[in-house]
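# Descriptive structure summary
Each chain, letter by letter, is given below.
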Amino acid sequence: VPDEDELRERLDRLRATLASDARRTLERARQALAADRERLDRAPALLVERKRGGLEALAGRLRTLSPRATLARGYAIVRAGDGRIVRAAGPLAPGTRVDVELAEGGFGATVEDVRS
Amino acid sequence: MSDDLGFEEARRELERIVAQLESGQAGLEEAVALWERGEELYRLCVAKLDAAEGKIEELGRRAEAVRPDA
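Quick look at the structure, then. (Residues numbered from 1 in each chain as written. Chains lettered and ligands numbered in written order. Predicted model: local features only at pLDDT ≥ 70, side-chain atom pairs only at ≥ 80, totals over all residues. Heavy atoms only, no water.)

## Focus on the pattern of salt bridges
Think of it this way: side chains of opposite charge can pair up when their charged atoms draw near. What counts is decided by this rule: We count a salt bridge whenever a side-chain nitrogen from Lys or Arg sits within 4 Å of a carboxyl oxygen from Asp or Glu. Numbered from the N terminus, helices here are DSSP runs of H or I no shorter than four residues, and strands are runs of E no shorter than two. Relative accessibility decides the category of a residue: with a 1.4 Å probe and only protein chains considered, values under 20% of the type maximum give buried, values over 50% give exposed, and everything between is partly exposed.
For the structure shown, the criterion picks out 20 salt bridges over all chains. Note that Asp 12 of chain A and Arg 15 of chain A form a salt bridge whose closest N and O atoms lie 3.3 Å from each other. Taken together, the residues Asp 12 of chain A and Arg 15 of chain A, both in helix α1 (residues 4-65) and three residues apart, mark about one turn of the helix. Accessibility expressed as a relative area gives 44% for Asp 12 of chain A, which makes it partly exposed. Of the charged contacts in the structure, one is a salt bridge between Glu 29 of chain B and Arg 87 of chain A, with a shortest N-O distance of 3.2 Å. Placement of Glu 29 of chain B in helix α2 (residues 28-66) and of Arg 87 of chain A in the loop between β1 (77-79) and β2 (97-101) is noted, with the two residues assigned to different chains. Judged by relative accessible area, which is 33%, Glu 29 of chain B ranks as partly exposed. A relative accessible area of 58% means that Arg 87 of chain A is categorised as exposed. In the salt-bridge network here, residues are joined through shared partners; they are Arg 52 of chain A together with Asp 50 and Glu 53 of chain B.

What follows is the structure, given as structure tokens:
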């Protein structure tokens with residue numbers, strides 16, 4: 001039968017091990033929580049960044065498709081009196097006022113000779 | 001034109017507009033109108049992202065202030 005002193009010693013050692021294990025477990029839990037905290041803090045800003053990136057890509061496609069891109073290449077948009085865009089010269093009568101829109105600004109003009 | 005669209009809704013509409021323009025089927029008038037609406041939606045989306053970012057930064061600052069550890 002082990003004597004009382006031996007038993008006390010074993011008990012003390014077990015207590016010490018339990019205490020240090022508990023501290024280590026607590027420390028690991030704190031670190032895991034800190035890591036989660038960091039990810040939580042970063043997540044919203046990262047989400048916004050991602051959404052911004054996607055939006056910019058979409059806007060890029062929009063801009064290459066815009067009629068403004070066509071204007072930038074030197075084309076003009078010609079509008080008749082009622083504001084409708086003119087595609088065919090045939091129906092235009094000499095003396096008709098038209099509006100010419102360029103990439104930058106525009107001007108009014110009067111139709112002179114017409115080609116078809 | 002309603003501007004009380006949520007961000008995702010506005011973005012979806014913008015995607016539809018881009019798809020329409022890319023299909024090449026829109027006439028010039030329609031394309032101009034679509035493009036203008038597209039630009040409007042883009043501006044709306046950017047404004048919402050900026051607002052969200054501002055709120056996130058504000059919440060982050062407030063959280064920092066009350067946190068017990070550094």
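From this point, things continue past the structure.
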